[in-house]
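# Reading the structure
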Amino acid sequence: MAQLNATTYGERIKNEITDGIEITDTLEQVIISENGEFHQFDTIAKNLMSDSIESMQLAPNGIVTDIYPAEGNKAGKIDLLHDKERKEISCYARDNHTIITQGSFELKQGGYGIAVRNPVYLKDKRGQEYFWGFTIVILRVPDIFSDAISALLNFGYEYKILKTATPWSDDYKVVYQSDDQINHPVSYTFTIGHENWKLEITPKVGWRNNTLLIIISGMFLTISLLLSVLTRVWLVAKEHKNKYQILARTDSLTNIYNRYGFDELAEKMISKNPQAHFVAALLDIDDFKFINDIYGHSYGDRALKILADSMKAFFPSDALLGRNGGDEFCILLPNCTFEEADVQLQQFTKLPKIFSYHNEEHAFYISLGYAEYPTFASSHSQLMRCADAALYEIKLHGKNGCMAYRKGLQSGARKQLGFALKDISEHLPGAFIIYRADKEDDELFYANHEFLHMAGYKSMDELFRLTQKRFHNLIRKDEQQQIETSIWKQIDSGNENDYVHFHLRKADGTYLSVLDHGRIVESQQYGRVFYVLFMDWEDMHIRYSDKFSE
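Here's a quick rundown of the structure.

What counts and what doesn't
In this convention, every chain numbers its residues from 1, walking through the sequence in written order. Where totals are concerned, whole chains, interfaces and linings use all residues; where local detail is concerned, this predicted model gives features only for residues with pLDDT of at least 70, and gives and counts side-chain atom pairs only at 80 or more. Computation of side-chain values covers all heavy atoms of the structure but excludes hydrogens and water. Only DSSP runs of H or I with at least four residues qualify as helices, and only runs of E with at least two residues qualify as strands; both kinds are numbered from the N terminus onward. Taken over C-alpha atoms, the radius of gyration is set against a globule rule of 2.2 Å times the number of residues to the power 0.38. Each residue is assigned to one of three classes by its accessible area relative to the maximum for its type, calculated with a 1.4 Å probe on protein chains only: buried under 20%, partly exposed between the two thresholds, exposed over 50%. For this analysis, residues touch if any pair of their heavy atoms sits within 4.5 Å. We get accessible surface area from the Shrake-Rupley algorithm with a probe of 1.4 Å; when it comes to residues, only the shown protein chains can shield them. Two residue types count as positive, namely Lys and Arg, and two as negative, namely Asp and Glu; His and chain ends fall outside the count. By convention, the charge on Lys lies at NZ, on Arg at CZ, on Asp at CG and on Glu at CD. A helix is expected to span 1.5 Å multiplied by its residue count minus one. Directions drawn from the helix axis to the C-beta atoms are what define this arc. Each axis is a line fitted through C-alpha atoms, taken for helices only over the stretch in contact, and angles between the N-to-C directions span 0 to 180 degrees. The cut-offs work like this: below 35 degrees is roughly parallel, past 145 is roughly antiparallel, 65 to 115 is roughly perpendicular, and the gaps in between are oblique. Left-handed describes a crossing in which the near helix is turned anticlockwise from the far one by less than a right angle; the clockwise case is right-handed. When residue character is reported, Ala, Val, Leu, Ile, Met, Phe, Trp, Tyr, Cys and Pro are called nonpolar, Asp, Glu, Lys and Arg charged, and the others, Gly included, polar. Between any two strands, at least two bridges found by DSSP are needed for them to pair. Should a side-chain nitrogen of Lys or Arg be within 4 Å of a carboxyl oxygen of Asp or Glu, the pair is scored as a salt bridge. Any cysteine sulfur atom paired with another within 2.5 Å is treated as part of a disulfide.

A few words now on the overall build of the chain. For the chain, the count of helices and strands is 16 helices and 22 strands. In terms of C-alpha radius of gyration, the chain reaches 31 Å, well past the compact-globule figure of 24 Å for 550 residues. Oriented by its inertia axes, the alpha-carbon framework of the chain measures out at about 115 × 60 × 55 Å. A burial count over the chain gives 46% of its 550 residues as buried. A separation threshold of at least 6 residues defines the contact pool for the chain, and within that pool the share at least 24 residues apart is 56%. Accessible surface, the chain as shown: approximately 29300 Å² in total, 50% of it carbon and sulfur. Each charge class in the chain can be summarised by its mean position, and for the 59 positive and 76 negative side chains these summaries are 3 Å apart.

This is how it looks when you write it as structure tokens:
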């Protein structure tokens, strides 16, 4: 029974510490999304604070520059990579790309704490990774695992929580323990990052084995076992019930509420305070199908996670956040009016949102519509319909913006506003590519199936590999300078379209005579790009010989 409890509450302690560590991940995402900058640190840190957190810190280049709360923590601004007590383990975290914990140690404000340091890495203009610094959280001990140790004390156990002194050491040091000594304990070991932790427990009354105790225990053994099993089953069932209730209301990808959980809590919040003001917002990612079609669904999921993380970091802790499904998200701001929400929602819409693909950063944008209760709605469902109408309206006005609901707006099916790039390009009656309209960097972005078939490439990956992702390398070498000059001469003279005849390099190294019809357009994601159609020159002569003869 003691071993079972050591395992159960050892896992719980692990989860409680991990929950504290995840705050450093949220701070890391803000730094990455803002390319190494961190604005409004105090506001974001304040929203992430809890009773078990002593402070949050930023340490660019390993030097602590920002601490929240600042009061009483000025002494914490130190150089981690050169400090005598912190240098070795901080350098280990930096060089091994791993989160490390240090402590417990006595806090100047009283009590004890554990320092969690998360190394953050960014990429420079050449795509090379470099060390930015650390995001740090100081966890209060024993507050961070108070639920688990309270349960152990209630069940009559003495306990000791230990961790390895360093990631490379096998020696354990005590993090926290109960008042009395423990003898012949049972233990449970778990790992966080590169460090091993251990929970040791023993009954307060000790392990008794005298004859009288054996006789008495034997009389009640069956009843005790039965009660123990039933109690354990009840506790496990209760924990599982709570876990499943949370899972039923949580979106597994983003770890915010799903539509069921959001609607349920929003209804309760408004019903409980019907006279209060609420602002509801609906938002989605502009051209999300484009991200899935070009980069793949795994990168689409990454964009969804980044958007959810930015919502959690930006909005106050009492805001209700949810994902309706697909790329649509929802927000409910309690005790908030239109005037109070307007600047906040406009600011969040303009906040840079970026995901990485093959060591390159790509920005994506959102559209957001919002409405106020009870000004325009008398219920939660009506409020969300108003926000949906505002979102529909901003989509019709060009996307990438934020709009408030006003009377007369009508909700619509946003998914019907256009076709996906893949739907159109794969059914075009011709070969089609997209590449960057830049004289120095003509990067290939996309080719449809018809182009791959015509040029003999098995896939886009093979096309990108053999051409090094450059349009320049699709042109026969002796024609490259002439053809590129012709294209830009047509464009620079004010034409939107260009027409050129050249020999296209096929996958097997042979060449195909083609007519290239290109158009230059502005892309929100990439700036100026060329959309190009190709026609087989010889085939055109055969099919339209009468036109060529004229």
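Here the narrative resumes, following the displayed structure.
The next thing to look at is helix H14 (residues 480-492). The first and last C-alpha atoms of H14 sit 18 Å apart over 13 residues, in line with the 18 Å expected at 1.5 Å per residue. Listed as buried for H14 are Gln 480, Ile 483, Ile 487, Trp 488, Gln 490 and Ile 491. When H14 is viewed along its axis, its buried side chains cluster within an angular range of 155 degrees and face the same direction. For H14, exposure combined with an orientation more than 90 degrees from the buried face picks out Gln 481, Gln 482 and Lys 489. Elements that come into contact with the buried residues of H14 comprise strand E18 (431-436), strand E20 (497-505), strand E21 (511-523) and strand E22 (527-536). After H14 finishes, the residue Gly 494 shows a positive phi value of roughly 105 degrees.

Take the packing of helix H1 (residues 2-33) against helix H2 (residues 41-48) next. Running from N to C, H1 and H2 cross one another at 150 degrees; their axes reach a closest spacing of 11 Å. As the angle between them shows, H1 and H2 are arranged roughly antiparallel. In terms of crossing hand, the pair formed by H1 and H2 is right-handed. Residues Ile 23, Thr 26, Leu 27 and Val 30 of H1 form the contact with H2, whose own contacting residues are Phe 41, Ile 44 and Leu 48. Broken down by class, the residue content of the contact of H1 with H2 amounts to six nonpolar, one polar and no charged.

This paragraph deals with the environment of Ile 136. Structurally, Ile 136 is set in strand E5 (residues 129-141). Placed 166 residues apart in sequence, Ile 136 and Arg 302 show a C-alpha to C-alpha distance of 24 Å.

Sheets are built from strands that pair by backbone hydrogen bonding, the pairs being arranged parallel or antiparallel. Within the open sheet, the six strands sit side by side as E10-E12-E13-E11-E16-E17. Their pairing is mixed. For this open sheet the edge positions go to strand E10 (257-258) and strand E17 (402-404), each flanked by a neighbour on one side alone. In this fold helix H10 (residues 380-396) packs onto strand E11 (278-285), strand E13 (328-334), strand E16 (366-373) and E17, with an angle of close to 145 degrees to the strand it touches most, E16.

What follows is about the environment of Asp 516. Here Asp 516 is to be found in strand E21. Since its relative accessible area comes to 0%, Asp 516 is described here as buried. Residues in contact with Asp 516, not counting those within four places in the same chain, are Phe 471, Asp 498, Tyr 499, Val 500, Phe 502, Val 532, Leu 533 and Phe 534.

Before going further, it helps to spend a moment on the pairing of E18. Among the six residues that make up E18, six are buried, leaving the element largely enclosed by the rest of the structure. Going residue by residue along E18, you find Ala 431, Ile 433 and Tyr 435 tucked away on one face and Phe 432, Ile 434 and Arg 436 tucked away on the opposite face as well. Inspection of the sheet shows E18 paired to E22 by six bridges, in the antiparallel sense. Within the sheet, the bridge partner assigned to Tyr 435 lies in E22 and is Phe 530.

Our focus in this paragraph is the pattern of salt bridges. Pairing is possible between side chains that carry opposite charge, provided their charged atoms lie close to one another. Applying the stated criterion to the full structure yields 20 salt bridges. Between Arg 126 and Asp 124 there is a salt bridge; the shortest N-O distance is 3.9 Å. Overall, the relative accessible area of 72% leaves Arg 126 in the exposed class. Exposure remark for Asp 124: the relative accessible area of 29% places this residue in the partly exposed category. Put simply, Glu 443 and Arg 436 hold a salt bridge, and the shortest N to O gap is 2.8 Å.

Here we come to the state of the cysteines. Tallied over the full model, the rule gives zero disulfides. Unpaired in this structure, Cys 386 has its nearest cysteine sulfur neighbour in Cys 330, at a distance of 15 Å.

Turning our attention to the side chain of Glu 16. Structurally, the position occupied by Glu 16 is in helix H1. Arg 12 is the oppositely charged side chain nearest to the buried, salt-bridge-free Glu 16, at an N-O distance of 5.2 Å.

Turning to the sheet that holds E22, a few remarks are in order. With antiparallel pairing, five strands are arranged side by side in an open sheet as E19-E18-E22-E21-E20. Edge positions in the open sheet fall to strand E19 (444-447) and E20, since each of these has one partner strand only. Averaged over neighbouring strand pairs, the angle between their axes works out to 25 degrees when direction is ignored. Pairing of E20 with E21, which is carried by nine bridges, proceeds in the antiparallel orientation. Looking across to E21, one finds that His 503 is bridged to Ser 513. Contacts from H14 reach E18, E20, E21 and E22 within the one sheet, and its direction differs from that of E20 by about 170 degrees.

Next up on the list: unusual backbone geometry. Going from Gly 103 to Ser 104, the amide bond is cis rather than trans, its omega being 15 degrees. Relative to the helices and strands, Ser 104 is located in strand E3 (residues 100-106). Geometrically, the link from Val 141 to Pro 142 is a cis peptide bond, its omega value of 10 degrees lying close to zero. The backbone phi angle of His 97 is positive, close to 50 degrees, even though this residue is not glycine. Within the fold, His 97 resides in the loop between helix H3 (87-96) and E3. Looking at His 97, the relative accessible area reads 47%, which means it is partly exposed. Of note in this structure, Asn 359 is not a glycine but carries a positive phi near 65 degrees. With respect to the element layout, Asn 359 can be found in the loop between strand E14 (354-357) and strand E15 (360-363).

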